[in-house]
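Fold and contact review
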Amino acid sequence: MIKNFILEFKKFAMRGNVMDMAVGIIIGSAFTKIVDSLVKDILMPPLGILMGKIDFANLYITLRPGNVAGPYASLDAAKAAGAVTWNLGFFINAIISFVIVAFAVFLLIKAMNLLQAKFEDKKKDEAPAAPTTKVCPYCKSEIAIDATKCPHCTSDLK
């Protein structure tokens with residue numbers, strides 16, 4: 001029973017679509033790291049300057065003070081004091097990351113749809129291939145198009 005289960009799992013795991021999914025997950029996680037860096041390191045600093053020198057990483061609201069009373073100089077200081085915080089900056093970063101990833105996926109799908117449409121149009125434009133076989137009028141067997149005698153019933157063909 002266990003052997004059958006293992007064989008069934010191996011058959012499932014070795015399917016092409018499962019392997020494709022695994023590759024997609026790995027690439028997706030790497031892409032997520034790139035997008036996170038883009039948001040945190042490239043987009044948010046200038047946006048913070050434009051919005052009055054706001055550091056989004058330290059944009060938080062203290063819900064309950066910690067052992068040491070606030071105000072805290074940074075989110076790290078608030079966490080070190082044991083304060084309960086509402087981390088708005090991280091949430092804003094996550095929303096921006098999501099929008100960027102969603103837009104990138106949209107562009108990828110759009111490009112794939114365009115390529116698929118071009119491929120289908122090209123297929124429609126191609127002339128159908130000339131037939132290479134015909135049916136013997138006597139025995140109804142499939143034979144070569146240029147045959148003069150049926151190899152199945154030995155009838156002479158026109």
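Anything mentioned here points back to the structure above.
Residues numbered from 1 in each chain as written. Predicted model: local features only at pLDDT ≥ 70, side-chain atom pairs only at ≥ 80, totals over all residues. Heavy atoms only, no water.

Concerning the overall build of the chain
A tally of helices and strands in the chain yields four helices and four strands. Along the chain, helices (α) and strands (β) appear in the sequence α-α-β-α-β-α-β-β when read from the amino end. Taken against the 2.2 N^0.38 rule, which gives 15 Å for 158 residues, the C-alpha radius of gyration of the chain at 33 Å runs more than 25% over that of a compact globule. Here the C-alpha coordinates of the chain stretch approximately 105 × 55 × 20 Å along the principal axes. Looking at the 158 residues of the chain, the share that counts as buried comes to 16%. Within the chain, contacts between residues separated by at least 24 positions form 30% of all contacts whose residues are at least 6 apart in sequence. Of the roughly 12800 Å² of accessible surface on the chain, 68% is carried by carbon and sulfur atoms. (Helix = DSSP H or I, 4+ residues; strand = E, 2+ residues; numbered from the N terminus. Rg over C-alpha atoms; globule rule 2.2 N^0.38 Å. Buried < 20%, exposed > 50% of the residue type's maximum accessible area, 1.4 Å probe, protein only. Contact = heavy atoms within 4.5 Å. Areas by Shrake-Rupley, 256 points an atom, 1.4 Å probe, with all protein chains shown as cover.)

A word on the nonpolar core
In this structure, Y60, Y72, L75, A78, A81 and A83 together form the largest nonpolar core, which totals six residues. With residues near it in sequence (within four places) discarded, Y60 still touches Y72, S74, L75, A78, T85, W86, N87 and L88. (Core = buried A, V, L, I, M, F, W, Y, C linked by side-chain atoms within 4.5 Å.)

Structural notes on unusual backbone geometry
Positive phi outside glycine occurs at K140, with the angle close to 65°. As for its placement among the helices and strands, K140 is situated in the loop between β3 (133-135) and β4 (142-144). Classification of K140 as exposed rests on a relative accessible area of 59%. Phi at T154 takes a positive value of approximately 60°, unusual for a residue other than glycine. Position of T154 relative to the elements: it lies in the segment after β4. On the basis of relative accessibility, which here comes to 53%, the residue T154 falls in the exposed class.

Overview of the environment of T148
Within the fold, T148 resides in the segment after β4. Exposure remark for T148: the relative accessible area of 60% places this residue in the exposed category. Along the primary structure T148 and N58 are separated by 90 residues, whereas in three dimensions their C-alpha atoms are 88 Å apart. In this structure, T148 is in contact with S155, D156 and L157, ignoring residues within four places of it in sequence.

Structural notes on the state of the cysteines
Applying the stated criterion across every chain, the model contains zero disulfides. In this structure C139 is not part of a disulfide, and its nearest cysteine sulfur, from C150, lies 3.6 Å away. The thiol of C153 is not disulfide-bonded; the next cysteine sulfur, from C150, is found 3.6 Å away. (Disulfide = S-S within 2.5 Å.)

Some points on the side chain of S155
By secondary structure assignment, the location of S155 is in the segment after β4. Setting aside chain neighbours within four positions, we find S155 in contact with Y138, T148, K149 and C150.

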